[in-house]
Structure formats: structure tokens, C-alpha cells
Amino acid sequence: MTADVAVLGVGLHPWGKWGRGFVEYGAVAARAALADAGLEWRDIGSVVGANTVRGGYPGQVAGATFAKALGWQGARVTSVYAACASGAQAIAAARAQILAGLAEAVLVVGADAAPRGFFRPAGGERPEDPDWLRFRLLGATNPAYFGLYARRRMAVHGDTLEDFALVKVKNAASGALNPHARYRRRVTVEEVAASAVVADPLRLLDICATSDGGAALVLSSLEFAHRHGASEPVRIRAVSTVTPHYPSTVLDLPDIATDSAAAVEPPERSFRASIARAAYEEAGIGPEELSLAEVYDLSTALELQWYEDLGLCGEGEAAKLLREGATAPGGRIPVNASGGLASFGEAVPAQAIAQVCELTWQLRGEAGERQITGARVGITANQGLFGHGSSVIALR
Amino acid sequence: MSRTRTPAVAGWFAGEGDAFRLLGTRCSACAAVFFPREDTHCRNPGCPGGTLVETPLSRRGRIWSYTDTRYRPPSPYVSNPELPWEPYALIAVELESERIVVLGQAAPGTAAADLGVGMEVEVVPGVLHEDTETTWTTWNWRPTGVGA
């Protein structure tokens with residue numbers, strides 16, 4: 001088991017389509033996290049930026065970009081990229097520096113300014129890039145992969161379109177209570193069913209939007225936290241950033257094919273399940289001890305998949321768990337009390353950080369109308385393109 | 001003017017008609033199969049590394065899952081923005097002997113509503129798009145028992 005690090009401060013720039021640059025969103029979130037921590041920017045010994053591919057060169061060196069925007073003060077800098085898992089990589093880098101004694105207080109920032117419509121690869125002819133190839137050869141957008149997973153669940157587990165819609169209904173109800181969410185309106189099953197099909201069988205309201213947003217954390221050693229008056233801070237006990245095991249037999253973004261299992265038997269667990277497993281093992285905590293979970297609901301069907309991959313229920317039982325109300329606020333294990341990506345839309349490098357912000361508010365008892373009573377342990381889960389695991393376990 | 005037929009990606013498929021096949025590679029040391037082809041190193045972490053030899057994949061498989069594209073995909077997918085968008089289905093197919101799932105466009109005329117998980121399909125030559133000089137070719141999946 002590794003030592004804990006403290007979450008001293010959290011901050012978000014509200015999600016939306018604001019039409020401004022990612023630096024502004026990140027700087028706003030960073031200042032909010034510093035204020036929440038009760039620290040000055042000069043108290044920060046290291047800054048870790050989660051990169052965005054949409055911000056030109058400054059987006060590729062996000063750590064330095066945010067440090068400059070906040071005013072150069074000489075902090076150590078790190079910039080990381082792992083697609084949707086960039087935020088978890090940034091948290092992992094910050095934690096490693098704290099546990100190694102390289103820095104006492106680290107600012108973690110991620111922000112994105114998303115384009116309209118489908119995410120698309122950068123221009124040029126790049127036949128060696130699987131992400132470019134899947135668009136070029138197949139026109140396979142992200143929602144196409146979500147459609148494949150959804151249809152597979154329907155065939156294997158008997159999930160229905162109404163099951164999927166009920167995930168949206170649940171998350172929209174929570175998002176309506178969250179001042180940082182982009183969509184703050186309740187949604188009905190009928191509204192989901194009436195929205196346009198994007199990628200059979202999924203409809204517009206089954207699929208998360210792409211958003212502008214920014215998220216930041218101030219992480220520190222427990223000793224630093226105690227010195228600064230935080231006697232019982234929320235603590236991060238595990239950060240899982242694992243890669244898959246060969247052969248990976250679930251067709252994943254952005255691949256055109258799975259690994260072949262002709263020569264080697266598939267691993268016991270799917271990649272997604274192994275991400276959570278690594279976090280549980282590192283924390284010495286099991287799924288039965290969780291108070292809440294924030295999972296990456298890129299689509300409604302994918303949220304159901306996470307229930308099983310996190311071990312909240314057995315394989316094929318996710319729709320039943322949902323329909324029992326177990327994953328709604330007040331249930332046994334509320335999932336996406338923030339409103340999830342259904343209510344936020346994805347701001348790629350900020351999202352995994354925002355998940356930890358939500359856990360922190362919930363674990364502190366500061367989540368307002370969406371507060372989960374008595375929350376003590378939470379998990380986040382996410383998966384980045386190209387084989388990036390992302391899961392954080394935090395506790396009070 | 002007749003167009004030249006050119007694969008949209010080099011070395012991934014070959015042959016005409018019933019002889020059309022996807023081309024992967026197989027490791028001579030551990031027998032692992034790769035598609036898209038690996039030509040440099042075997043990716044099996046337990047393999048000391050063997051020679052990678054081109055191998056045609058099974059012609060037929062069963063549908064692992066499927067979906068469709070109701071909206072025009074962005075570049076680098078090529079489509080004529082002046083024509084109304086026509087959705088096509090995407091099919092992920094499990095090949096039994098290779099134990100691999102390969103994604104592809106459905107053959108023209110095959111809609112998502114015609115498909116089901118577990119249904120048998122076969123690989124057939126397809127056209128990705130055409131420009132003034134070139135017909136860019138690809139692979140398509142087509143339910144078996146459907147005529148060309």
C-alpha cells in the first residue's frame with residue numbers, strides 16, 4: 001500500500017460552450033483550487049498540466065502554459081497526455097512527486113476548449129496513426145464505438161433501450177442540482193427516445209457532448225496539510241494508470257481490430273475491469289466499501305458497463321442494479337452524483353480531474369443539494385484512448 | 001475515363017471476388033496473429049520474437065456487434081458534401097480461428113436493421129470512395145447468402 005496524499009483544494013471552471021481559450025478555463029479553475037486550499041500560488045512547488053491537443057503548442061505543454069498564466073514563480077513543471085485519462089496521469093505524476101519528497105504541494109490543472117460536432121484527428125496524411133486510420137478507412141467516430149458496445153450489451157445481457165435511457169434520466173436529475181454542469185435540466189425516457197439516432201442503437205441523449213471546461217486540484221503531503229490547518233483532509237489512497245494485458249479482446253477506441261487470442265489465452269479480466277482492480281488493490285479497499293462512484297459515461301450504455309467493471313454487481317446485472325435504484329442518490333452505491341458526462345459533456349483533459357473534485361466535495365459533505373449522506377470512500381473510473389487506465393480512490 | 005483501382009491502405013487486403021482476403025501477419029515463433037499487420041516485432045509479451053509472415057485471414061466470421069453512422073463523419077473520411085448523407089452500417093466481426101474481432105463497413109445495401117449479433121458474414125471487396133483518377137478500394141462485410 002502506498003502512502004496517502006491530501007486533497008487540499010479543488011476548483012472548476014463551469015462546463016459549457018463558452019467560446020474562449022483553454023488557458024482561461026484552466027487558470028480560473030486553478031485560482032479556485034488555490035483559494036479552496038487557502039494557499040497562495042507562490043506556495044506551490046510543482047505544477048502538473050494535463051495537455052489538450054486542441055490548444056496548439058501551448059496545449060501540448062499545458063503545465064508551463066498554466067504556470068505562465070498564473071505568473072511565473074519558478075515551480076517545477078510537468079505536462080502529460082493520455083487522451084481521456086490525461087487528468088489521472090497528471091494526478092499520478094503529482095502524487096509521485098509528493099511521495100518521493102520532490103514537492104510538498106502540487107497544483108494539477110486540466111482544461112479544454114472543444115470543437116463543435118464529432119472529435120476528429122489532426123489534419124495531414126498519417127496512415128501510421130490508428131486514430132487517423134479509423135476515420136479515414138471506416139468513418140468510425142467515437143459514437144460509432146459507443147454504438148457497438150451498446151448493441152453488444154443488448155445481445156449478450158439483454159439490456160434494453162429503456163435501460164440506457166434510464167441512465168440519462170438519473171444523471172440529468174443529478175446534473176440539474178450541480179451549478180458546474182453544462183446541462184441542468186431533467187430529462188425523461190420519452191425525451192431520450194425522441195432524440196435522433198446518432199449511431200444505432202444510441203440516440204443523441206444517450207451520448208455525451210463535448211464541452212469547454214477546466215478543473216484543478218491542490219495536492220499535498222499529509223504533513224504539509226496538517227501544517228496548513230487541514231487536520232482531516234480528503235486523501236487520495238490509490239491512482240490506477242495501468243495498461244491492458246495482451247491479448248486485449250474488447251474492441252477499443254481507436255482500434256480497427258482487437259488483439260488475436262489465437263496464441264495466448266485472454267486475461268482473466270477485461271482492460272476496464274483491470275483498471276478498477278488495480279485501484280482496489282493499491283487502496284486495500286473493495287467495491288463493497290464504496291460510498292459513491294464517478295464513472296466515465298461517454299454513453300448511457302457505457303455507464304452500465306462500468307457498474308460491472310467496478311464490481312458493483314455481477315456481469316450482466318448492471319441494468320438490474322440501475323432499475324433497483326442502487327446507483328441513484330440515496331441508493332446503495334450512487335454513481336455519477338455530479339450528473340456525470342451526461343450533464344457535463346466531455347472536456348477531455350479536465351474530466352478525470354473534475355471527477356476527483358466531485359469526490360472531494362462529496363467526502364467533505366460540501367456537495368449541497370446533491371450530497372450523498374455519510375460519504376466516506378469514493379472511486380473514479382475512466383479509460384483513455386490507446387490503452388490508458390484511469391481510476392482514483394479517495395476517502396475521508 | 002477509367003479510374004485506377006488502388007487500395008485505400010497498402011497491404012491490408014488482396015484478391016478479387018471469392019479470393020478476396022484480409023491480410024494479417026503471423027509470428028513464426030508463437031503463432032500470434034496480427035491485424036492490422038505487424039511487420040517488425042511480435043506484440044505477444046511472452047514471445048522471444050519470431051519472423052512475421054503474411055497470412056490471409058478467414059473469409060467468414062460472426063457478427064460481434066454492429067452500428068451505423070447517421071451523420072457524416074469528419075475528415076479524413078472522404079464524402080461529397082454536396083450530396084445528401086447516406087448512412088452505412090459498421091460491423092465488428094469475430095473470426096473463429098484467429099480469435100480476433102475486425103471492424104469494417106457493411107457492403108452497400110446492408111443496413112443495421114438487417115443485422116444481428118452472431119450472424120455469419122463474409123469479407124468482400126468494397127469501394128471507399130472515388131475521385132477523378134482513382135477508385136479507392138477497401139474491405140466490406142456482407143451477410144452470407146446475400147448475392148453480390
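Residues numbered from 1 in each chain as written. Chains lettered and ligands numbered in written order. Predicted model: local features only at pLDDT ≥ 70, side-chain atom pairs only at ≥ 80, totals over all residues.

An unreviewed UniProt entry lists chain B under the name Benzoylsuccinyl-CoA thiolase, from Streptomyces shenzhenensis.

Taking an unreviewed UniProt entry as the reference, chain A is identified by name as Lipid-transfer protein belonging to Streptomyces shenzhenensis.

J.: Got a minute to help me understand the overall build of chain A in this structure?
T.: Secondary structure assignment for chain A yields 14 helices and eleven strands. Compactness check: chain A gives a C-alpha radius of gyration of 20 Å against a globular reference of 21 Å for 396 residues, within 12% of the reference. Taken over the C-alpha atoms alone, chain A extends approximately 55 × 50 × 45 Å along its principal axes. When the 396 residues of chain A are sorted by exposure, 61% land in the buried category. For chain A, contacts bridging at least 24 residues in sequence account for 76% of all contacts bridging at least 6. (Helix = DSSP H or I, 4+ residues; strand = E, 2+ residues; numbered from the N terminus. Rg over C-alpha atoms; globule rule 2.2 N^0.38 Å. Buried ≥ 20, exposed ≤ 12 C-beta atoms within 10 Å, placed from the backbone. Contact = placed C-beta atoms within 7 Å.)

J.: Quick question: what am I supposed to make of the interface of chain B and chain A here?
T.: Bring the parts together and some accessible area is lost; that lost area is often taken as the interface size. Contact with chain B, which involves 39 residues of that partner, is made by 34 residues of chain A. Counting only elements with at least two residues in the side of chain B that touches chain A, the list comes to strand 4 (33–34), strand 6 (60–68), strand 7 (89–95) and strand 8 (100–106) of chain B.

J.: Before we go on, may I ask you to explain the packing of helix 6 (residues 142–157) of chain A against helix 11 (residues 300–309) of chain A in this structure?
T.: When two helices pack together, their arrangement is given by the angle between their axes and by how far apart the axes lie. All names here are of chain A. In contact at an axis separation of 9 Å, helix 6 and helix 11 are set at 60° when each is read in the N-to-C sense. Judged by the inter-axis angle, helix 6 sits oblique to helix 11. Handedness of the helix 6/helix 11 crossing: left-handed. Seen from helix 6, the contacting residues are Phe146, Tyr149, Ala150 and Arg153; seen from helix 11, they are Ala301, Leu302, Leu304 and Gln305. For the contact of helix 6 with helix 11, the per-class residue count stands at six nonpolar, one polar and one charged. (Axes fitted to C-alpha atoms, helices over the stretch in contact; angles between N-to-C directions. Parallel < 35°, antiparallel > 145°, perpendicular 65-115°, else oblique. Left-handed = near helix turned anticlockwise from the far one by under 90°. Nonpolar A, V, L, I, M, F, W, Y, C, P; charged D, E, K, R; others polar.)

J.: Can you help me understand the pairing of strand 11 (residues 388–395) of chain A in this one?
T.: A regular strand carries its side chains on alternate faces of the sheet. Residues and elements named next belong to chain A. Where burial is concerned, most of strand 11 is hidden: eight out of the eight residues are buried. Side chains of strand 11 alternate between two faces, with His388, Ser390, Val392 and Ala394 and Gly389, Ser391, Ile393 and Leu395 buried alike. Where strand 8 (residues 234–240) meets strand 11, five bridges bridge the pair, whose relative direction is antiparallel. Within strand 11, the residue paired with Ile236 across the bridge is Ala394. By the bridge criterion, eight bridges tie strand 10 (residues 377–384) to strand 11 in an arrangement that is antiparallel. Bridged to Gly384 within strand 11 is His388. In this antiparallel pair of consecutive strands, strand 10 and strand 11, the connection spans three residues, and Phe386 shows a positive phi of 75°. (Pairing = 2+ DSSP bridges.)

J.: Hey, could you run me through the domain arrangement of chain A in this one?
T.: All names here are of chain A. In terms of domain boundaries, chain A breaks down into domain 1 (5–117 + 212–236) and domain 2 (130–178 + 185–201 + 238–395). Here the C-alpha centre of domain 2 lies 24 Å away from the C-alpha centre of domain 1. In this complex, domain 1 contributes 34 residues to the contact, which on the side of domain 2 involves 30 residues. Those elements that provide at least two residues to the side of domain 1 that touches domain 2 are strand 1 (5–16), helix 4 (86–99), strand 4 (105–112), strand 7 (212–220) and strand 8. (Domains from an automatic or database assignment.)

J.: What am I meant to see in the nonpolar core here?
T.: A general trend in soluble globular proteins is that nonpolar side chains are found buried together. Among the nonpolar cores identified, the biggest contains 175 residues, and Ile91, Val108, Leu217, Leu219 and Ile353 of chain A together with Ile91 of chain B are the most heavily contacted of them. When residues of this core are assigned to their parent elements, the largest contribution, ten residues, is made by helix 14 (residues 348–364) of chain A. Counting only domains with at least three residues in this core, you end up with domain 1 (5–117 + 212–236) and domain 2 (130–178 + 185–201 + 238–395) of chain A. Excluding its chain neighbours within four sequence positions, the residues that come into contact with Ile91 of chain B are Ile63, Tyr66, Gly104, Ala106, Leu115, Val121 and Trp141 of chain B. (Core = buried A, V, L, I, M, F, W, Y, C linked by C-beta atoms within 7 Å.)

J.: Would you take a moment to explain the pairing of strand 1 of chain A for this structure?
T.: All names here are of chain A. Here strand 1 lies mainly inside the structure; ten of its twelve residues are buried. Judged from the three bridges that link them, strand 1 and strand 8 form a sheet pairing that is antiparallel. Bridge pairing in strand 8 links Val7 to Val234. Bridge analysis of strand 1 against strand 7 gives eight bridges, and the strand direction is antiparallel.

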